[in-house]
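What follows is the residue order along each chain.
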Amino acid sequence: MTIEMASKLTTMQQAVSTMQEGQNLTFGGFAHSLAPLAFVREMIRQGKKGFDLTSMGECWAVDLLSGVGAIRRARLSNYMFEGYGRCMNFSRAVESGEMQVEDYSHFGITSCFLAGALGVPFLPLRSMAGTDIERIRSFDSNKMARVNSPFNGEEVVAVEAVQPDVAIVHVSRCDQQGNCQIFGMTSTIDEQVRSAKRVIVTAEEIVDSEVIRKQPELTIIPGFLVDAVVEAPYGAHPAGMYRYYDYDPEHIRCYWELSRTAEGFGRYLDEFVYGTRNHWDYLERIGLRRLFELRADPYLGYAWR
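Definitions and limits used
Residues numbered from 1 in each chain as written. Predicted model: local features only at pLDDT ≥ 70, side-chain atom pairs only at ≥ 80, totals over all residues. Heavy atoms only, no water. Patch = residues over 30% accessible without salt bridge, like charges linked within 9 Å, V, L, I, M, F, W, Y side chains within 5 Å. Areas by Shrake-Rupley, 256 points an atom, 1.4 Å probe, with all protein chains shown as cover. Salt bridge = Lys/Arg side-chain N within 4 Å of Asp/Glu carboxyl O. Helix = DSSP H or I, 4+ residues; strand = E, 2+ residues; numbered from the N terminus. Buried < 20%, exposed > 50% of the residue type's maximum accessible area, 1.4 Å probe, protein only. Pairing = 2+ DSSP bridges. Core = buried A, V, L, I, M, F, W, Y, C linked by side-chain atoms within 4.5 Å. Contact = heavy atoms within 4.5 Å. Axes fitted to C-alpha atoms, helices over the stretch in contact; angles between N-to-C directions. Polar contact = N/O pair within 3.5 Å; in protein donor to acceptor, adjacent residues only side chain to side chain. Parallel < 35°, antiparallel > 145°, perpendicular 65-115°, else oblique. Nonpolar A, V, L, I, M, F, W, Y, C, P; charged D, E, K, R; others polar. Phe/Tyr/Trp six-rings, centres within 6.5 Å; stacked < 30°, edge-to-face > 60°.

Undergrad: What is the right way to read a nonpolar patch on the surface from this model?
TA: Taken together, the side chains of Leu114, Leu118 and Val120 present a nonpolar region at the surface, about 230 Å² in accessible area. The residue Leu118 is located in helix H5 (residues 106–118) in this model. With relative accessibility at 54%, the residue Leu118 sits in the exposed group.

Below, the structure is given as structure tokens:
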């Protein structure tokens, strides 16, 4: 007998309304994939600010939120628009002193998440030892420390566990109970979700639990870890979702060029964020023709061009 849990479905507006100033957030995504951007745009519409951020190889959430002054401090590894250049809003915020940062390697910040997920206070590793990443510190004096192995005395670097208040991730599909599946790359979503105190999921599609059970090997996030589920087709746009749609190079180029100045970024917000009432209005602004052009071939997993 199968026992169905209560539905965790909610609206985007309601999910975003639960975000509180001072929380440490982590957003899923790597470069131009898996980014929960429908959620980020709604955060900006609702004027949510005053957050810390911890993330690995992410660019979209941090740059949009930096541009509206929503981030106070960030633990990061390489915020960059892959193939385009720096995250300009983020760079301006750091250079002006509006934001404090602690820099890590990809493996270093992933180890922080993994320690939080395992419930241990730290994890030892060799990378970052002797580099400026270890030497230069901003707001976190406990960023990392040298420790000796209790087994052979070898000195290694220890990174402190991170347990974000909220993880926001975008997935391929999930059921109403929050059992989530992702096609293709998953980045560090597993570690982020398991380290977080609360998890909000946006999904390309909501499917029956029976569909999830037919391919259990794809279920990277079990429902018992999830607090809220929001249906958001094209929720990663202009980033992409393997087997659903490609990233949108024209829109990315438009965003990156406009974000090179604060004034240009303001024009972007006026058209695509403040100028749209919700996610559905945003998709209408992008246009049905463009969205269909980005749709992935179901066999190849990416769009023919």
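Additional details are given in the paragraphs that follow.
Undergrad: Hey, could you run me through the pairing of strand S9 (residues 155–160) in this one?
TA: For a regular strand, side chains alternate in direction, first toward one face of the sheet and then toward the other. Here four bridges tie strand S7 (residues 122–125) to S9, and the two strands are oriented antiparallel to one another. Note on S9: the bridge partner recorded for Phe122 is Glu160. Bridge count between strand S8 (residues 144–148) and S9: five bridges; the pairing is antiparallel. Bridged to Arg146 within S9 is Val157.

Undergrad: Honestly, the nonpolar core in this entry has me stumped. Any pointers?
TA: Among soluble globular proteins, nonpolar side chains are generally buried collectively. One finds Leu25, Phe27, Phe39, Trp60, Leu64, Val171 and Ile221 to be the most contacted residues of the largest nonpolar core, which totals 76 residues. Residues in contact with Val171, not counting those within four places in the same chain, are Cys180, Gln181, Ile182, Val201, Thr202, Ala203, Glu204, Ile221 and Met241. Grouped together as the second largest cluster of nonpolar side chains are eleven residues, Met56, Tyr104, Cys112 and Val157 included.

Undergrad: When you look at the sheet that holds S8 in this model, what are you seeing that I'm missing?
TA: Paired through their backbone hydrogen bonds, the strands of a sheet run either parallel or antiparallel. Spatial strand order, S7-S9-S8: three strands in an open sheet with antiparallel pairing. Edge positions in the open sheet fall to S7 and S8, since each of these has one partner strand only. Strand-to-strand twist in this sheet, taken as the mean axis angle between neighbours without regard to direction, amounts to 40 degrees. Across the face of the sheet, H5 comes into contact with S7 and S9 while running at roughly 145 degrees to S7.

Undergrad: How should I be thinking about the pattern of salt bridges in this particular structure?
TA: Two side chains carrying opposite charge are able to pair once their charged atoms lie near each other. Evaluation of the coordinates by the stated rule reveals 17 salt bridges. Between Arg126 and Glu154 there is a salt bridge whose closest N-O contact spans 2.7 Å. With Arg126 in the loop between S7 and helix H6 (132–135) and Glu154 in the loop between S8 and S9, this pair connects stretches of sequence that are 28 residues apart. Look at Arg126 and you get exposed, because its relative accessible area is 61%. Among the residues examined, Glu154 registers a relative accessible area of 30% and is labelled partly exposed. The closest approach of N and O atoms between Arg146 and Glu155, which form a salt bridge, is 2.7 Å. Take Arg146: its relative accessible area is 39%, and that puts it in the partly exposed class. One network of salt bridges, in which partners are shared, links Asp52, Arg72 and Arg73.

Undergrad: What should I look at first to understand helix H11 (residues 279–286) in this one?
TA: Count 3.6 residues to each turn of an α-helix, and residues three or four apart come out pointing the same way. Listing the buried residues of H11 in full gives His279, Asp281, Tyr282, Leu283 and Ile286. Residues of H11 that are buried make contact with helix H2 (37–45), helix H9 (249–258), helix H10 (262–272) and helix H12 (288–294). If you check the start of H11, you find a side-chain oxygen 3.1 Å away from the backbone N of Trp280, and it comes from Asn278. Trailing H11 by a residue or two, Gly287 shows a phi angle of about 100 degrees, which is positive.

Undergrad: Is there a simple way to explain the packing of H2 against helix H3 (residues 60–67) in this structure?
TA: A pair of packed helices can be characterised by two numbers: the angle between their axes and the separation between those axes. Close contact between H2 and H3 brings their axes to 10 Å; oriented N to C, the two are set at 10 degrees. As summarised for this structure, H2 and H3 are arranged roughly parallel, according to the angle between their axes. Only Trp60, Ala61, Leu64 and Leu65 of H3 make contact with H2, whose side of the interface consists of Leu37, Val40, Met43 and Ile44. Here the residues of the contact of H2 with H3 are counted per class, giving eight nonpolar, no polar and no charged.

Undergrad: I'm lost on the packing of aromatic side chains in this one. Help?
TA: Any pair of aromatic rings gets described here by the distance separating the centres and the angle formed by the planes. Taken as a whole, this structure holds ten aromatic pairs when the rule is applied. On the basis of an interplanar angle of 25 degrees and a centroid distance of 4.6 Å, the ring pair of Tyr234 and Tyr245 is categorised as stacked. You can see Tyr234 sitting in the loop between strand S14 (228–231) and H9 and its partner Tyr245 sitting in the loop between S14 and H9, a full eleven residues away along the chain. Judged by relative accessible area, Tyr234 falls into the buried class, the value being 9%. On the basis of an interplanar angle of 90 degrees and a centroid distance of 6.1 Å, the ring pair of Tyr255 and Phe265 is categorised as edge-to-face. With a gap of ten residues between them, Tyr255 in helix H9 and Phe265 in helix H10 connect regions that are remote in the sequence.

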